[in-house]
Amino acid sequence: MTKYDFIVIGSGPAGQRAAIQAAKLDKRVAIIERKTEVGGVSLHTGTIPSKTLRESVLHLSGWRLRGLYGDGYRVKEDITAADVLKRLHVTLSHEMEIMKHQLQRNGVKVINGHARFKDSHTVTATTSDGGQHTMEADNFLISVGTRPHRPDHIPFDGEKILDSDDILKIEELPRSMVVIGAGVIGLEYATIFSALDISITLVDTQENLLTFLDKEIVDELMYVMRDRNMTVRLGETVVDIHVEDNGHVITKLASGKNVVSDMALFAAGRQGATDMLGIENAGLTADKRGRISVNENYQTEQPHIYAAGDIIGFPSLASTSMEQGRLAACHAFGVPCYSRPETFPFGIYAVPEISMVGATEQELKEKKIPYEVGSVRIRETARGQIMGIREGMLKMLFSLEDQRLLGVHVIGVGATEVIHIGQAVISLGGTLNYFVESVFNYPTLAESYKVAALDAWNKLNLN
Ligand SMILES: Cc1cc2nc3c(=O)[nH]c(=O)nc-3n(C[C@H](O)[C@H](O)[C@H](O)COP(=O)(O)OP(=O)(O)OC[C@H]3O[C@@H](n4cnc5c(N)ncnc54)[C@H](O)[C@@H]3O)c2cc1C
């Protein structure tokens with residue numbers, strides 16, 4: 001039987017990063033991946049394809065330039081599904097090559113097969129032709145990720161009623177779409193398809209969206225979506241959904257409303273892929289969503305079995321999954337690794353995009369930490385005017401006690417990029433003075449920081 005120092009199950013962002021970290025510590029490492037290609041959900045059905053599709057939509061629809069040339073502006077008339085999906089294959093194969101090469105270069109053994117625990121130190125990988133490899137290791141990482149939640153009462157058919165994997169294979173763009181589930185994935189797709197002038201109805205059982213974000217940013221998103229004629233139905237439950245003979249999808253809501261559309265995207269939740277992993281043989285359990293709980297070092301109830309990425313739940317992002325994988329590998333081999341989860345940024349690639357780092361206003365109020373807000377509308381900046389930006393804002397929260405930056409919240413073009421300035425300042429313990437006294441390139445979106453800081457400075461000096 002082959003013996004490894006570290007066996008990683010699943011080759012998504014958490015698994016890859018953990019495997020490479022362990023290999024760099026000179027450990028004997030194997031990754032078991034049940035799909036024929038490495039990369040996980042992030043590469044094949046999640047992060048990379050959805051962002052590639054988003055980029056194509058924003059380009060072809062002329063979305064970013066409509067503020068300059070009017071709502072009728074298009075780069076291409078009659079955009080088809082093939083147009084918006086064209087770039088996927090190119091991006092995916094390029095990224096896959098990079099990942100494969102990185103694993104090879106670092107000497108990580110990639111085993112294609114479905115992994116299942118035999119006991120807490122042994123796994124069996126079953127290959128597609130039925131072959132079995134049994135392996136032992138001192139340490140394991142479970143990074144098997146999730147798949148779309150597909151409740152029995154939703155008649156998925158891959159054509160009219162789809163999940164977020166199916167959406168990447170559509171052959172025709174619908175004229176109208178109901179999106180069920182206003183979490184990150186639902187919101188991203190709802191707003192991306194709305195940028196193609198597809199009529200969107202977004203439905204969610206919750207009354208409030210994305211409660212981990214700063215409320216003012218969510219309010220801005222709601223305003224922007226409604227301004228674009230998207231219909232947002234919150235606090236509504238889907239009781240039935242079916243396709244009529246004429247091809248219309250009818251979504252019945254508990255309140256008695258019916259939504260008629262050409263297509264339905266069900267994006268309400270994801271299920272952890274622990275069901276066929278035999279975790280019970282390793283003395284582990286999962287919750288009803290298939291997720292595994294871990295301690296602050298990413299150890300499960302069995303200290304030598306770690307878990308990272310989407311399988312451990314929120315925030316379920318590729319970015320944080322990678323970091324969790326790295327930290328788990330460091331801990332497994334007793335190497336001190338420095339990390340500050342409170343400075344992890346969150347990015348939501350809706351249209352407009354959203355990003356945050358640090359505390360929200362709600363959090364500071366709950367903890368009774370006195371703060372001041374500095375904010376700016378992006379259209380008030382010179383770069384915003386040049387780009388014809390109509391929507392979006394940046395806000396910063398500063399401590400009243402020592403003027404340290406506590407949180408940054410951005411919605412609008414470039415949000416997921418500019419957030420890293422705020423992240424750096426928070427990480428280095430910077431204060432309001434940094435922004436007031438620094439020179440920013442002009443005209444830039446980054447200059448929004450300075451304008452927002454001056455807003456906070458004015459408020460502080462008037463008080
Ligand atoms: C539509 C969509 C858009 C997203 N956009 C973003 C974004 O913009 N930014 C961002 O940061 N995150 C985004 N995410 C989230 C991101 O994709 C996930 O957080 C990330 O992929 C999780 O990584 P992971 O390593 O936990 O697992 P995954 O990427 O889910 O990979 C798990 C791997 O384990 C394999 N596996 C499962 N069971 C077994 C088994 N028994 N044996 C062997 N192999 C197994 C699977 O085949 C898979 O390859 C998005 C997700 C979706 C669905």
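Described below are features of the structure shown in this document. (Residues numbered from 1 in each chain as written. Predicted model: local features only at pLDDT ≥ 70, side-chain atom pairs only at ≥ 80, totals over all residues. Heavy atoms only, no water.)

### Overview of the overall build of the protein chain
Phase 1 of the analysis: Counting its secondary structure elements, the protein chain contains 13 helices and 22 strands.
Phase 2 of the analysis: The C-alpha atoms of the protein chain give 24 Å as radius of gyration, which agrees with the globular expectation for 463 residues (23 Å, within 12%).
Phase 3 of the analysis: By the burial criterion, 54% of the 463 residues in the protein chain qualify as buried.
Phase 4 of the analysis: Across the protein chain, every contact between residues at least 6 apart in sequence was considered, and the portion connecting residues at least 24 apart equals 62%.
Phase 5 of the analysis: Taken as a whole, the protein chain presents about 21300 Å² of accessible surface, with 49% of it coming from carbon and sulfur.
Phase 6 of the analysis: A gap of 2 Å separates the mean positions of the 48 positive and 58 negative side-chain charges of the protein chain. (Helix = DSSP H or I, 4+ residues; strand = E, 2+ residues; numbered from the N terminus. Rg over C-alpha atoms; globule rule 2.2 N^0.38 Å. Buried < 20%, exposed > 50% of the residue type's maximum accessible area, 1.4 Å probe, protein only. Contact = heavy atoms within 4.5 Å. Areas by Shrake-Rupley, 256 points an atom, 1.4 Å probe, with all protein chains shown as cover. Lys, Arg positive; Asp, Glu negative; His and termini not counted. Charge placed at Lys NZ, Arg CZ, Asp CG, Glu CD.)

### Description of helix 5 (residues 81-105)
Phase 1 of the analysis: The terminal C-alpha atoms of helix 5, which comprises 25 residues, lie 37 Å apart, in line with the 36 Å expected from a rise of 1.5 Å per residue.
Phase 2 of the analysis: Those residues of helix 5 that fall on the buried side of the exposure criterion are Ala81, Asp83, Val84, Leu85, Leu88, Leu92, Met96, Met99 and Leu103.
Phase 3 of the analysis: At its buried positions, helix 5 is contacted by helix 1 (13-24), strand 2 (29-33), helix 2 (40-44), helix 3 (47-60) and strand 3 (109-112).
Phase 4 of the analysis: Positive phi shows up at Gly107, right after helix 5, with a value of about 75°. (Expected span 1.5 Å × (residues − 1).)

### Digging into the site of the ligand
Phase 1 of the analysis: Inspection of the region around the ligand gives 37 residues, with Glu33, Lys51, Ala115, Asp310 and Ala318 positioned closest.
Phase 2 of the analysis: Pro13 is positioned with one of its backbone polar atoms (N or O) 3.3 Å from an oxygen atom of the ligand.
Phase 3 of the analysis: A distance of 3.4 Å separates a nitrogen atom of the ligand from a polar side-chain atom of His114.
Phase 4 of the analysis: Burial of the ligand by the protein amounts to 96% of the accessible area it has alone, namely 1000 Å².
Phase 5 of the analysis: Contributing elements (two or more residues each) for the shell around the ligand: helix 1, strand 2, helix 2, helix 3, strand 4 (114-119), helix 6 (184-194) and helix 8 (318-332). (Near = heavy atom within 4 Å. Polar contact = N/O pair within 3.5 Å; in protein donor to acceptor, adjacent residues only side chain to side chain.)

### Describing the pairing of strand 13 (residues 249-253)
Phase 1 of the analysis: Counting buried residues along strand 13, 4 of its 5 residues qualify, which places the element largely inside the surrounding structure.
Phase 2 of the analysis: Examined bridge by bridge, strand 12 (residues 238-243) and strand 13 share 5 bridges and lie antiparallel to one another. Its bridge partner being in strand 13, Val243 is matched across the sheet by Val249.
Phase 3 of the analysis: Where strand 12 folds back onto strand 13 in an antiparallel hairpin, the turn is made up of 5 residues, including Gly247, whose phi is positive at roughly 90°.
Phase 4 of the analysis: The pairing of strand 13 with strand 14 (residues 258-261) spans 4 bridges and is antiparallel. Bridge pairing in strand 14 links Lys252 to Asn258.
Phase 5 of the analysis: In this structure, the hairpin formed by strand 13 and strand 14 is closed by a connection of 4 residues, where Gly256 is found at a positive phi of approximately 100°. (Pairing = 2+ DSSP bridges.)

### Quick look at the packing of aromatic side chains
Phase 1 of the analysis: Under the criterion given, the structure shown has 11 aromatic pairs.
Phase 2 of the analysis: A ring pair is formed by Phe435 and Tyr449, whose centres lie 5.5 Å apart and whose planes are at 5°; its orientation type is stacked. In this pair, Phe435 sits in helix 12 (residues 432-437) while Tyr449 sits in helix 13 (residues 448-462), placing the two residues 14 residues apart along the sequence. Side by side, Phe435 and Tyr449 carry an identical accessibility label, which is buried.
Phase 3 of the analysis: One aromatic cluster is present, formed by Phe398, Tyr434, Phe435 and Tyr449 through successive ring pairs. (Phe/Tyr/Trp six-rings, centres within 6.5 Å; stacked < 30°, edge-to-face > 60°.)

### As for the sheet that holds strand 15 (residues 263-266)
Phase 1 of the analysis: The 5 strands lie next to each other as 8-15-9-10-11, forming an open sheet whose pairing is parallel. Only two strands of the sheet have a single partner each, and these edge strands are strand 8 (161-162) and strand 11 (231-234).
Phase 2 of the analysis: Where strand 8 lies against strand 15, 2 bridges are found, and the strand directions are parallel. Counterpart to Ile161 in the pairing with strand 15 is Ala264.
Phase 3 of the analysis: On top of the sheet, helix 6 reaches strand 9 (176-180), strand 10 (199-204) and strand 15; it is set at about 165° to strand 10, its chief contact. (Axes fitted to C-alpha atoms, helices over the stretch in contact; angles between N-to-C directions.)

### Remarks on helix 11 (residues 415-427)
Phase 1 of the analysis: Between the first and last C-alpha of helix 11 there are 18 Å, a value that for 13 residues agrees with the 18 Å anticipated at 1.5 Å per step.
Phase 2 of the analysis: When helix 11 is considered as a whole, its buried residues turn out to be Ala415, Thr416, Val418, Ile419, Gly422, Gln423, Val425 and Ile426.
Phase 3 of the analysis: Considering only its buried residues, helix 11 is in contact with strand 18 (346-348), strand 19 (354-358), strand 22 (405-411), helix 12 and helix 13.
Phase 4 of the analysis: Just past helix 11, the residue Gly429 takes up positive phi, approximately 70°.

### Description of the packing of helix 3 against helix 6
Phase 1 of the analysis: At a minimum axis separation of 10 Å, helix 3 and helix 6 run at an interaxial angle of 20°. When the axis of helix 3 is compared with that of helix 6, the two are roughly parallel. The hand of the helix 3/helix 6 crossing is left-handed. Taking contact as the criterion, the partners of Ser50, Lys51, Leu53, Arg54 and Val57 in helix 3 are, on helix 6, Glu188, Tyr189 and Ile192.
Phase 2 of the analysis: Residues belonging to the contact of helix 3 with helix 6 are distributed by class as follows: 4 nonpolar, 1 polar and 3 charged. (Parallel < 35°, antiparallel > 145°, perpendicular 65-115°, else oblique. Left-handed = near helix turned anticlockwise from the far one by under 90°. Nonpolar A, V, L, I, M, F, W, Y, C, P; charged D, E, K, R; others polar.)

### Side note on the sheet that holds strand 20 (residues 371-377)
Within a sheet, each strand pairs with its neighbour through backbone hydrogen bonds, oriented either parallel or antiparallel.
Phase 1 of the analysis: Spatial ordering of the open sheet is given by 18-19-22-21-20, a layout of 5 strands whose pairing is antiparallel. Edge positions in the open sheet fall to strand 18 and strand 20, since each of these has one partner strand only. The sheet shows a mean angle of 10° between the axes of neighbouring strands, direction not considered.
Phase 2 of the analysis: The sheet contacts of helix 7 (residues 215-227) involve strand 19, strand 20, strand 21 (393-399) and strand 22, and relative to strand 22 the element is tilted by about 5°.
Phase 3 of the analysis: Where helix 13 meets the sheet, its contacts fall on strand 20, strand 21 and strand 22, and the angle it forms with strand 20 comes to roughly 135°.

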